[in-house]
Amino acid sequence: MITYSSDGIKMPAIRKRDTTAWIKAVAAAHGRKVGDIGYMFVSDERILEVNNEYLGHDYYTDIITFDYDEGDTINGDIVISVDTVRSNALQFGKDFDDELHRVIIHGILHLCGIDDKGPGEREIMEAEENRALAMR
């Protein structure tokens, strides 16, 4: 089950049924099933608190993914800063909705085992994001 909620901000206008079907299709393309995924949309200030409390990081980010995978079933909590998504969309000349969906699927790709911190991994992640967005 995939749930969508917000904490302290207005819930972004996403088509939950379509987004859920898309997430399941992307996971299946990576040989994974979807278990329990919880999306929480928050402000910059709230994601900073989460980043500091749970990861010991004192900086803003667009997404934090907590991975609770079990075998080939992905499970996790995904926290997304709508403020940072909006800033990134402006900075990169992207539509907010497109950038939001890129971040939504970024968390799923992490749960599917794709990293973006090591050498060459960012390019792989971006290619996978683009592939997933083309499925939308």
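The structure we're discussing is the one just above.
The rules behind these values
Residues numbered from 1 in each chain as written. Predicted model: local features only at pLDDT ≥ 70, side-chain atom pairs only at ≥ 80, totals over all residues. Heavy atoms only, no water. Axes fitted to C-alpha atoms, helices over the stretch in contact; angles between N-to-C directions. Helix = DSSP H or I, 4+ residues; strand = E, 2+ residues; numbered from the N terminus. Parallel < 35°, antiparallel > 145°, perpendicular 65-115°, else oblique. Left-handed = near helix turned anticlockwise from the far one by under 90°. Contact = heavy atoms within 4.5 Å. Nonpolar A, V, L, I, M, F, W, Y, C, P; charged D, E, K, R; others polar. Core = buried A, V, L, I, M, F, W, Y, C linked by side-chain atoms within 4.5 Å. Buried < 20%, exposed > 50% of the residue type's maximum accessible area, 1.4 Å probe, protein only. Salt bridge = Lys/Arg side-chain N within 4 Å of Asp/Glu carboxyl O. 1 Å grid on protein atoms, 1.4 Å probe; cavity = no way out; pocket = protein on both sides within 12 Å on 5 of 7 lines; lining within 4 Å. Points joined across faces, edges and corners; volume = space filled by probe spheres on them. Expected span 1.5 Å × (residues − 1). Arc of directions from axis to C-beta.

Enquirer: Honestly, the packing of helix 3 (residues 82-92) against helix 4 (residues 96-111) in this entry has me stumped. Any pointers?
Expert: In a packed pair of helices, the relevant descriptors are the angle between the two axes and the axis-to-axis distance. Contact pair helix 3 / helix 4: the axes reach a minimum separation of 9 Å and the direction vectors enclose 125°. Accordingly, the angle class assigned to the pair helix 3 and helix 4 is oblique. Crossing of helix 3 over helix 4 shows right-handed handedness. For the pair helix 3 and helix 4, the contacting residues are V82, V85, R86, N88 and A89 in the first and F96, E99, L100 and V103 in the second. Tallied by class, the residues present in the contact of helix 3 with helix 4 amount to six nonpolar, one polar and two charged.

Enquirer: I keep staring at the nonpolar core and nothing clicks. Help me out?
Expert: As a rule of thumb, nonpolar side chains are buried together in soluble globular proteins. Ranked by size, the top nonpolar core spans 28 residues in total, and within it I23, I37, Y39, F41, I80, I104 and I108 carry the most contacts. Taken together, the elements giving at least two residues each to this core come down to strand 1 (2-6), helix 1 (16-29), strand 2 (33-42), strand 4 (73-81), helix 3, helix 4 and helix 5 (121-134). Residue contributions to this core peak at seven residues, all from helix 4. Excluding residues within four positions of it along the chain, I104 makes contact with I14, T19, W22, I23, Y39, F41 and I80. Grouped together as the second largest cluster of nonpolar side chains are six residues, V42, I47, V50 and V79 included.

Enquirer: Please explain the side chain of T20 as it appears in this structure.
Expert: By secondary structure assignment, the location of T20 is in helix 1. Judged by its relative accessible area of 16%, T20 falls in the buried class. Non-local contacts of T20, meaning those with residues more than four positions away in its chain, are made with I2 and Y4.

Enquirer: Is there a simple way to think about the pattern of salt bridges in this case?
Expert: A side chain of one charge can pair with a side chain of the opposite charge when the charged atoms of the two come close. Evaluation of the coordinates by the stated rule reveals 12 salt bridges. Of the charged contacts, one joins K33 and D72 as a salt bridge, the two residues approaching to 3.8 Å between their closest N and O atoms. With K33 in strand 2 and D72 in the loop between strand 3 (63-67) and strand 4, this residue pair connects regions lying 39 residues apart in the sequence. Taking the shortest distance from any N to any O, the salt bridge between E129 and R122 comes out at 3.8 Å. In this structure, a network of salt bridges that share partners links the residues R102, D116, R122, E126 and E129.

Enquirer: How should the layout of surface pockets be read in this particular structure?
Expert: Empty space among the atoms can be located by rolling a probe the size of a water molecule over them. There is about 410 Å³ of room inside the largest pocket. As for the largest pocket, its lining consists of 16 residues, of which I63, I64, T65, H110 and K117 are closest to the centre. No other element matches the four residues that strand 3 contributes to the lining of the largest pocket. For the lining of the largest pocket, the class distribution of residues is five nonpolar, six polar and five charged.

Enquirer: What exactly am I supposed to notice about the environment of A134 here?
Expert: In this fold, A134 is placed in helix 5. Among the residues examined, A134 registers a relative accessible area of 68% and is labelled exposed.

Enquirer: Would you mind going over helix 5 with me for this structure?
Expert: In an α-helix, one turn spans 3.6 residues, which is why side chains three or four residues apart end up on the same side. With 14 residues, helix 5 extends 20 Å between its outermost C-alpha atoms, agreeing within 8% with the 20 Å of an ideal straight helix rising 1.5 Å per residue. Residues of helix 5 that are buried make contact with helix 1 and helix 4.

Enquirer: Can you help me understand helix 1 in this one?
Expert: With 14 residues, helix 1 should reach 20 Å at 1.5 Å per residue; the first-to-last C-alpha distance of 20 Å fits that figure. Where helix 1 is concerned, the buried positions are T19, T20, W22, I23, V26 and A27. All buried residues of helix 1 lie within an arc of 165° about the axis, which places them on one face of the element. Exposed and oriented more than 90 degrees from the buried face of helix 1 are R17 and A29. Contacts from the buried residues of helix 1 go to strand 1, strand 2, strand 4, helix 4 and helix 5.

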